[in-house]
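Residues per chain are reported as follows:
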Amino acid sequence: MALTPPAEGLSPSTDRAVLHPPNVRGATGGSAAFAARRHEDATLDDVDTAMINHLLLDGKMTNRDLAHRIGISESAVSVRIRKLIEAGVLVFTALIDWEAAGFEWFVICRMKTRMRAPREVAKDIALLAGCEAVAVVLGSHDILGYFLAADRTELNAVIDALSLVPGVASLDVELATDTAVSPRGRQLFLAVDAPPIRLPCPCIELDDLDVALLQELVRDGRQSSRSMARSFGVSEGTIRARSSRLSRAGLAQVVAMVEPVALGLAGVIASLSVRVDRRHLETALSALMAMPNVVFGARCVGNFDLHLTVTGADLYELMEFVGAGVQSLTGVRDTDTLLFVDALRFSPYLKRLGAPA
């Protein structure tokens, strides 16, 4: 059982393993805009909603348990789950903690363009090693990019490569000293041309079976330990023990996720950069991460102190959240909002999972 070879342009000499995400684009289908629109197949009834709510709390809940809790047959549960998956609304996968995987730097890059259309520039940026997400945005900048770097050498390579992309006129960089994903953020799945999932230096030793298990869980987090044991030629107990070890170490977590645009949970998505009086930084960050609109937060070194990813049902809700929710917090001095218009790359797989259980 061999390790999966690294993707072109990454670091085959240093990566312990590279996982390849499934070809899943979600019901958004790589839409040209995160506009308030629902997928035609995403209409849910009360049973679908109840089923999804249970699965979001426990992605490994069996069809039998779901049937018992909801009051329908096990076969009906199976049919409904399959339809939701086929519609791109419901996804079962494994999230990988980027810090536990061995990345040292999370890099937030805000760019202005000149002489080239922002979308064309963003296409080139999406091809750069380390790029986890890049989107055309509306606001003070034209492009927003998120990068992961395993060490200082990769960090310098990211900045150098960005500065050489034709059309990048200016580059503002914030280095995240700490990041967090809200519980709601772990439930929302957006995938557009997701890159390979690198594990440069995992927090625990991984052998070939561990890597193969991680790959299978990323591909389908709901498949049974029994089926994977048959595929790998090992006992079911071995698979369960390995899965538990990955989870306890804080490296991976099997989850159910829903596609937010299709379900109307995120009519608009925006990044919000915030300047805060350092005396109130921790209090402000805690308050912001508790707000339902916030799905991601980062404490930064750079032009801004905090960087958030936020969602809203529509532009009005977003404006109300920024004006009444964020700017009214004690210590907040200034905010800058960038509205997501066009995502060229977006990976949902590498997220901070918190402290190991």
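Being a predicted model, the structure only gives us computed values, none of them experimental.

A. Quick look at the pattern of salt bridges. As enumerated under the stated definition, the model contains 24 salt bridges in all. Among the salt bridges present, the one from R198 reaches D15, with a minimum N-O distance of 2.9 Å. Of the two residues, R198 is situated in strand 7 (residues 197-199) and D15 in the segment before strand 1 (17-19); the sequence distance between them amounts to 183 residues. For the pair R198 and D15, one class covers both residues: buried. Ionic pairing is found between R345 and D193, a salt bridge with its closest N-O pair at 3.4 Å. Note that R345 is positioned in strand 12 (residues 332-346) and D193 in the loop between strand 6 (168-181) and strand 7, a separation of 152 residues in sequence. Take R345: its relative accessible area is 11%, and that puts it in the buried class.

B. Geometry of the sheet that holds strand 10 (residues 294-301). With antiparallel pairing, eight strands are arranged side by side around a closed barrel as 3-5-4-12-9-11-10-6. Across this sheet, the average inter-strand angle for adjacent strands is 35°, counted without regard to direction. Relative to strand 12, strand 4 (residues 131-138) runs antiparallel, the two being bridged by six bridges. Across the sheet, the residue bridging to L138 is L339, located in strand 12. Contacts from helix 6 (residues 152-163) reach strand 3 (105-113), strand 5 (143-149) and strand 6, with the element oriented near 10° to strand 3. Where helix 10 (residues 281-289) meets the sheet, it contacts strand 6, strand 9 (268-276), strand 10 and strand 11 (306-312), and its direction lies at approximately 160° from that of strand 10.

C. Looking closely at the pairing of strand 2 (residues 90-96). For strand 2, a buried count of seven out of seven residues is recorded, marking the element as mostly surrounded by other parts of the structure. Taking every second residue as pointing to the same face, both faces of strand 2 are buried, with L90, F92, A94 and I96 on one and V91, T93 and L95 on the other. Both strand 2 and strand 8 (residues 252-258) contribute to a ladder of seven bridges, which runs antiparallel. Bridge pairing in strand 8 places L90 opposite V258.

D. Up close: helix 9 (residues 236-248). Across its 13 residues, helix 9 extends 18 Å between first and last C-alpha, which sits within 8% of the 18 Å expected from 1.5 Å per residue. One or two residues past the end of helix 9 sits G250, with phi positive at roughly 80°.

E. Structural detail: the side chain of R299. Examined against the element boundaries, R299 turns out to sit in strand 10. Dropping the residues within four chain positions of it, R299 is found in contact with L175, A176, T177, D178, L281, E282, L285, D305 and L306.

F. Representation of the packing of helix 2 (residues 63-70) against helix 3 (residues 74-86). Put simply, helix 2 and helix 3 touch, their axes get as near as 8 Å, and they point 105° apart. The angle between helix 2 and helix 3 falls in the class roughly perpendicular. Residues N63, R64, L66 and A67 of helix 2 lie in contact with helix 3, whose contacting residues are E74, V77, S78 and I81. By residue class, the composition of the contact of helix 2 with helix 3 is four nonpolar, two polar and two charged.

G. Highlighting the state of the cysteines. Enumeration over the complete set of coordinates arrives at zero disulfides. Just so you know, C131 is unpaired, no disulfide at all, and the nearest cysteine sulfur is the one on C109, 9.0 Å from it. On the basis of relative accessible area, C131 is assigned to the buried category, the value being 2%.

H. Here's a closer look at the packing of aromatic side chains. Taken as a whole, this structure holds six aromatic pairs when the rule is applied. Ring centres 6.5 Å apart and planes at 65° place the aromatic pair F340 and F346 in the edge-to-face group. The exposure class assigned to F340 is buried, which follows from its relative accessible area of 5%. By relative accessible area, F346 is classed as buried at 18%. Grouping aromatic residues by their ring pairs yields a cluster made of W98, F106, Y146 and F296. Lying over the aromatic face of F304, R275 brings its terminal NZ or CZ to 4.1 Å of the ring centre.

I. Just the nonpolar core, in detail. Counting residues in each nonpolar core, the largest one holds 77 residues, and the members touching the most others are L55, I96 and L251. By residue number, the principal contributor to this core is helix 7 (residues 208-219), which donates seven residues. With near-sequence residues (within four places) excluded, I96 lies in contact with L19, A101, I197, L214, L251, A252, Y349, L350 and K351. Residues V274, V276, L318 and V332 belong to the second largest nonpolar core, which totals 22 residues.

Conventions adopted
- Residues numbered from 1 in each chain as written.
- Predicted model: local features only at pLDDT ≥ 70, side-chain atom pairs only at ≥ 80, totals over all residues.
- Heavy atoms only, no water.
- Salt bridge = Lys/Arg side-chain N within 4 Å of Asp/Glu carboxyl O.
- Helix = DSSP H or I, 4+ residues; strand = E, 2+ residues; numbered from the N terminus.
- Buried < 20%, exposed > 50% of the residue type's maximum accessible area, 1.4 Å probe, protein only.
- Pairing = 2+ DSSP bridges.
- Axes fitted to C-alpha atoms, helices over the stretch in contact; angles between N-to-C directions.
- Contact = heavy atoms within 4.5 Å.
- Expected span 1.5 Å × (residues − 1).
- Parallel < 35°, antiparallel > 145°, perpendicular 65-115°, else oblique.
- Nonpolar A, V, L, I, M, F, W, Y, C, P; charged D, E, K, R; others polar.
- Disulfide = S-S within 2.5 Å.
- Phe/Tyr/Trp six-rings, centres within 6.5 Å; stacked < 30°, edge-to-face > 60°.
- Lys NZ or Arg CZ within 6 Å of the ring centre and 35° of its normal.
- Core = buried A, V, L, I, M, F, W, Y, C linked by side-chain atoms within 4.5 Å.

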